Amino acid sequence: MVKFTIFDDIFQGYSCPTPPSINTELIFHPFSCLDYLKRGVCNSSCGVYKLYGSNGNSFPAYCDFQSERGTAWTLVMSWSHAHRALAPFRSASFSENAPVNENAQNWNLYRLSLARMRSLQSHSTHWRATCSFPTHGVDFRDYVRGNFKDFNIVDFSGGDCKKVEFVNIRGHNGMHVTASFRQSTRSWGPHIDSRYRGCQFNPTAGAVSSEDNFGHYWSFNPKFRCSKDDQSTTQWWFGGHL
């Protein structure tokens, strides 16, 4: 069974600087960033690597090998708070095909196609969401991570308490708890509703009315790192552990 741990230095985290794109020509066909880590050919450098989809076609994708030890993450979506109202980020669920700049990774307007997400999902055990990763890396503040086996966030629809491995919203922490998730086709992008009190994780102290976290952002809180200002960014990743 794949297990993650929250390290003793959880609140220090690890920063992953944005390097130039890496043109990696290899004889194997990596389907996810984890394949590079398993082969030991990534040199722990974060950046753009060549991956292959289930259809056999290659595509560029951003890999993070540094923020969580022994783990590789592939970026599937990133957008700035200034673009929060655009449909691929506000109202499109993971199960919808709404690609944005999928061949030109950037932090402000980026989303993979459904086919690429499905391919990555089939080679991943976990998912996570981060806030302003280019600035803060991962220090486990305003962060959530889950296991696809416990909670398949791609195919989830509706509103319900769903299990996560770790979640932090505005300094409220939860480990192996349920949190209030929302997602609906053509209505809600994936997000947590932190005003809802019915789940084990309760970040209502300091929340604003109907506060959305990690997506949708119909109602947002500037005290939450992803929605601090228009330059703030939100990221979703699929990945796995060695």
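Residues numbered from 1 in each chain as written. Predicted model: local features only at pLDDT ≥ 70, side-chain atom pairs only at ≥ 80, totals over all residues. Heavy atoms only, no water.

*Asks:* Can you tell me about the overall build of the chain, naming the residues and giving the values?
*Replies:* Summing up its helical and strand segments, the chain has four helices and eleven strands in all. For the chain, buried positions account for 56% of its 242 residues. In the chain, once contacts between residues fewer than 6 apart in sequence are set aside, the share between residues at least 24 apart is 58%. On the chain, roughly 10,400 Å² of surface is accessible, and the fraction owed to carbon and sulfur atoms is 48%. (Helix = DSSP H or I, 4+ residues; strand = E, 2+ residues; numbered from the N terminus. Buried < 20%, exposed > 50% of the residue type's maximum accessible area, 1.4 Å probe, protein only. Contact = heavy atoms within 4.5 Å. Areas by Shrake-Rupley, 256 points an atom, 1.4 Å probe, with all protein chains shown as cover.)

*Asks:* Can you break down helix H3 (residues 114-122) residue by residue, with the values?
*Replies:* Considered for burial, the residues of H3 that qualify are Leu114, Arg116, Met117, Ser119, Leu120 and Gln121. If you follow the buried residues of H3, they end up packed against strand E1 (47-52), strand E2 (58-64), strand E3 (71-80), strand E4 (109-111) and strand E11 (233-241).

*Asks:* Kindly report on the state of the cysteines, identifying the contributing residues and their values.
*Replies:* All chains considered together, the criterion is met by three disulfides. Here Cys131 pairs with Cys226 through a disulfide, and the sulfurs are 1.8 Å apart. Taking the sign of the S-S torsion, about -95° here, the bridge from Cys131 to Cys226 comes out left-handed. In this pair, Cys131 is assigned in strand E5 (residues 126-131) and Cys226 in the loop between strand E10 (212-213) and E11, connecting sequence segments 95 residues apart. (Disulfide = S-S within 2.5 Å.)

*Asks:* Give a description of the pattern of salt bridges that names residues and reports values.
*Replies:* Counting across every chain of the model gives ten salt bridges. Several salt bridges converge on common partners, so that one network encompasses Asp64, Glu68, Arg128, Arg145 and Glu165. (Salt bridge = Lys/Arg side-chain N within 4 Å of Asp/Glu carboxyl O.)

*Asks:* Lay out the nonpolar core with the relevant residues and their values.
*Replies:* Core analysis: the largest hydrophobic core is formed by 57 residues, its most contacted members being Trp127, Phe181, Phe214 and Trp236. The leading source of residues in this core is E3, at six residues. (Core = buried A, V, L, I, M, F, W, Y, C linked by side-chain atoms within 4.5 Å.)

*Asks:* If you had to explain the packing of aromatic side chains to someone new, which residues and values would you point to?
*Replies:* Within the structure shown, the criterion is met by 22 aromatic pairs. Ring geometry for Trp127 and Trp236: centres 5.9 Å apart, planes at 35°, overall tilted. Placement of the pair is Trp127 in strand E5 and Trp236 in strand E11, with a sequence separation of 109 residues. An angle of 65° between the planes, with centres 4.9 Å apart, marks the rings of Phe133 and Trp237 as edge-to-face. Separated by 104 residues along the polypeptide, Phe133 in helix H4 (residues 133-136) and Trp237 in strand E11 bring together distant segments of the chain. Each member of the pair, Phe133 together with Trp237, is buried. Taking the ring centre of Phe28 as reference, the NZ or CZ of Arg39 above it sits at 4.4 Å. One cation-aromatic arrangement involves Arg128 over Trp237; the distance from NZ or CZ to the ring centre is 4.5 Å. (Phe/Tyr/Trp six-rings, centres within 6.5 Å; stacked < 30°, edge-to-face > 60°. Lys NZ or Arg CZ within 6 Å of the ring centre and 35° of its normal.)

*Asks:* Would you mind going over the pairing of E5 in detail, with residue names and values included?
*Replies:* Of all the six residues making up E5, six are buried; the element is thus mostly covered by neighbouring parts of the structure. Burial of the side chains of E5 extends over both faces: His126, Arg128 and Thr130 are buried on one face and Trp127, Ala129 and Cys131 on the other. In the sheet, E5 pairs with strand E6 (residues 143-147) via four bridges, with the strands oriented antiparallel. For His126, the partnering residue across the bridge sits in E6 and is Asn147. As judged from the six bridges shared by E5 and E11, these two strands associate in the antiparallel manner. Across the sheet, the residue bridging to Ala129 is Trp236, located in E11. (Pairing = 2+ DSSP bridges.)

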